[in-house]
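Observations on chain architecture
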Amino acid sequence: MGPLGIDRPPTVLLAVIASTFFVGFGGGVVFPILPNLGAVLGISAFTVGVILSANRWVRLVANAPAGALVDRYGTRKPFVIGLFVEGVATLGYVVALAMPAAESLRPLAASLPAIAAGPVTLGAEGWFAAIAAVVAPETWFLIARVLWGFGSAAVFATAYTIAADLSNSGSRGTNMGVVRGGITMGFPAGLVLGGVVSAVAGNVAAFVVAAAFALTASVVAYRYVPETHVTGDRSGDSIRPWDVDTAVPALTVGLVNFGLMFAYIGALFSTLVLFLGENDISLFGLAPQGTSGLFMAGTVLSAALFMFVGGRISDTRDSRTPILLTFLVVSFVGFLLLARAGSVVSLGLACVFIGAGQGGTSGPMMALLADLTPDERMGRASGTNNVLGDVGGGLGPMVSLPLIEAVGFAPIYAACAILPLAAGAALLLGVRRETGTFLPGRTAGEAGPGDGSAPAES
């Protein structure tokens, strides 16, 4: 029996990892395709940035309620439903490209008022075509990203809470690292699908494969993930989007997540395909879409490896702070290398460092949050962390894409290098204020709220 009396907790964690891995395909598949597809569809760089970041803006209003609902009702239902919604959202990419060209349907669109005023003469296929005539492809992409945002808010809040529920101070960093690795590893698989499969079989084929795996994820979760969360009478807890957890640990970890996500997902992932085209860098003769998919996959593979390494090391040390600071510096170095990259080798090295810095912080960071947060509030704390991370990930494409058009790649990437250092400063200030020391122990919050070692209910 594991924590909370659950049989075979490793099996549960493995199911969570598999589910989040499969559904992650839909998160990554769009990045190598859409920036270049924007030129074909006549979409501006700003619009592309809005589409890529839409899921994160949606999560801004969905993360806090998702966390509160987890603490009130448990993890199983939100996890399964969230995965299913993400699968449906991935199908939205297929719809966006499968719609007939708007130009060929302009006459039908012009006749819609007359059709609406008289007897209905269109069949189901006709109405489908009529909708396609007046709804642009970018709108369908945007709808899909919005749906993805709602689903992923539920998945992120529940996945981390499940890992915390099944852990103690000696396994928390490792378990958080491997669950985060599952969430993240699906992303590079999606990047490869988006880059390589689209180059070989077309964009629609890449989206169809990603959707199939994403829908499979909800089946795996339904079959193998039980309820793990201890819930009680929490009817007084708010589930409004703006009622985030304002406890110091949640805000501290969230600010670190903000800086990392702005630079990593927001800036690097949304601009790399353009950087490759500008500098004529290619792998295996692939176009920028395929090459960017491989490079981005490389960063996430590096991240996944160091998620486990960082989490495991933090479980064997008295404090998690030193390993967190170490990997924040690694991220800083990676972005400096990126700003000077001009070849396959230099870009590859930069991506390895950036991925290592991102991944190495993930497990210890979430473990630190669980160390300092009472179990019954972990869902809400995870939601707050996701809110701040999504602010960073959402601002990144909207800020970086237009600025790169104005000033170029190197200044933006160099500016991104400062963010991990600022995150390190926020981390030190936050843990010092909460615990009275820069090096809090792994069991700092296990005595529970009300004794000064963990935050009280806010």
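Residues numbered from 1 in each chain as written. Predicted model: local features only at pLDDT ≥ 70, side-chain atom pairs only at ≥ 80, totals over all residues. Heavy atoms only, no water.

Applying the stated criterion across every chain, the model contains four cavities of 30 Å³ or more. Space inside the second largest cavity adds up to approximately 110 Å³. In this structure, the second largest cavity is lined by 14 residues; those nearest its centre are Tyr160, Arg180, Asn257, Asn385 and Asn386. At the level of elements, helix H4 (45–73), helix H8 (137–165), helix H11 (248–279), helix H14 (344–371) and helix H15 (378–407) are the ones that each hand at least two residues to the lining of the second largest cavity. (1 Å grid on protein atoms, 1.4 Å probe; cavity = no way out; pocket = protein on both sides within 12 Å on 5 of 7 lines; lining within 4 Å. Points joined across faces, edges and corners; volume = space filled by probe spheres on them. Helix = DSSP H or I, 4+ residues; strand = E, 2+ residues; numbered from the N terminus.)

Now for the layout of surface pockets. In this approach a probe as big as a water molecule rolls over the atoms, and the regions it shows empty are the leftover space. Considered as a void within the structure, the largest pocket measures approximately 290 Å³ in volume. Looking at the lining of the largest pocket, the elements with two or more residues in it are H4, helix H5 (76–98) and H8. A breakdown of the residues in the lining of the largest pocket according to their chemical character gives 12 nonpolar, three polar and three charged. (Nonpolar A, V, L, I, M, F, W, Y, C, P; charged D, E, K, R; others polar.)

This next bit is on the environment of Gly27. Looking at the secondary structure, you find Gly27 in helix H2 (residues 25–28). In this structure the C-alpha to C-alpha distance between Gly27 and Ala210, which are 183 residues apart in sequence, comes to 8.9 Å. Excluding residues that lie within four positions of it along the chain, Gly27 makes contacts with Arg145, Trp148 and Phe187. (Contact = heavy atoms within 4.5 Å.)

Across its 27 residues, helix H16 (residues 409–435) extends 40 Å between first and last C-alpha, which sits within 8% of the 39 Å expected from 1.5 Å per residue. Taken residue by residue, H16 has Phe409, Ile412, Tyr413, Cys416, Ala417, Pro420, Ala423, Gly424, Leu427, Gly430, Val431 and Glu434 as its buried positions. Along its buried surface, H16 packs onto H11, helix H13 (321–339), H14 and H15. Phi turns positive, to about 85°, at Gly436, one or two residues after H16. (Expected span 1.5 Å × (residues − 1). Buried < 20%, exposed > 50% of the residue type's maximum accessible area, 1.4 Å probe, protein only.)

Let's shift gears to the packing of aromatic side chains. Counting across every chain of the model gives 14 aromatic pairs. An angle of 80° between the planes, with centres 5.3 Å apart, marks the rings of Phe275 and Phe409 as edge-to-face. Taken as a pair, Phe275 in helix H11 and Phe409 in helix H16 lie far apart in primary sequence, 134 residues in all. Take Phe275 and Phe409: they sit in the same class, and that class is buried. Through successive ring pairs, a cluster of aromatic residues spans Phe21, Phe22, Phe25 and Phe213. When the ring centre of Tyr224 is taken as reference, the NZ or CZ atom of Arg223 above it lies at 4.8 Å. (Phe/Tyr/Trp six-rings, centres within 6.5 Å; stacked < 30°, edge-to-face > 60°. Lys NZ or Arg CZ within 6 Å of the ring centre and 35° of its normal.)

This brings us to unusual backbone geometry. With the exception of glycine, most residues fall at negative phi, and the peptide bonds are largely trans. Phi is positive for Asp280, which is not a glycine, with a value near 55°. With respect to the helices, strands and loops of the structure, Asp280 is situated in the loop between H11 and helix H12 (288–316). Relative accessible area serves as the criterion here: at 70%, Asp280 is assigned to the exposed category. Within the chain, Phe284 stands out as a residue other than glycine whose phi angle is a positive 55°. Its location among the elements puts Phe284 in the loop between H11 and H12.

A few words now on the environment of Leu349. Looking at where Leu349 falls in the secondary structure, it is placed in helix H14. Put simply, Leu349 and Leu337 are 12 residues apart on the chain and 7.6 Å apart in space, counted from C-alpha to C-alpha.

Within the secondary structure layout, Thr90 lies in helix H5. Taking relative accessible area as the criterion, Thr90 reaches 0% and is therefore assigned buried. With near-sequence residues (within four places) excluded, Thr90 lies in contact with Gly26, Trp148, Phe207, Ala210, Ala211 and Ala214.

Running from N to C, H11 and H13 cross one another at 25°; their axes reach a closest spacing of 12 Å. Here H13 runs roughly parallel to H11, going by the angle between their axes. Note on packing geometry: the crossing formed by H11 with H13 is left-handed. Counted together, Val256, Leu260, Ala263, Tyr264 and Leu268 of H11 and Leu328, Ser331, Phe335 and Leu338 of H13 form the full contact between these two elements. (Axes fitted to C-alpha atoms, helices over the stretch in contact; angles between N-to-C directions. Parallel < 35°, antiparallel > 145°, perpendicular 65-115°, else oblique. Left-handed = near helix turned anticlockwise from the far one by under 90°.)

As a further point, take H14. For H14, built from 28 residues, the straight-helix expectation of 40 Å at 1.5 Å per residue is met to within 8% by its first-to-last C-alpha distance of 41 Å. In H14, a bend of some 30° at Ser362 exceeds every other bend along the element, and Pro364, a proline, comes one to four places later. Counting buried residues in H14 gives 22 out of 28 residues, a clear majority hidden from the surface. (Bend = angle between axes of the 7 residues up to and from the residue.)

The subject of this paragraph is the environment of Ser346. By the element assignment, Ser346 lies in helix H14. At a separation of 3.0 Å, a polar atom in the side chain of Ser346 contacts the main-chain amide nitrogen of Gly342. (Polar contact = N/O pair within 3.5 Å; in protein donor to acceptor, adjacent residues only side chain to side chain.)

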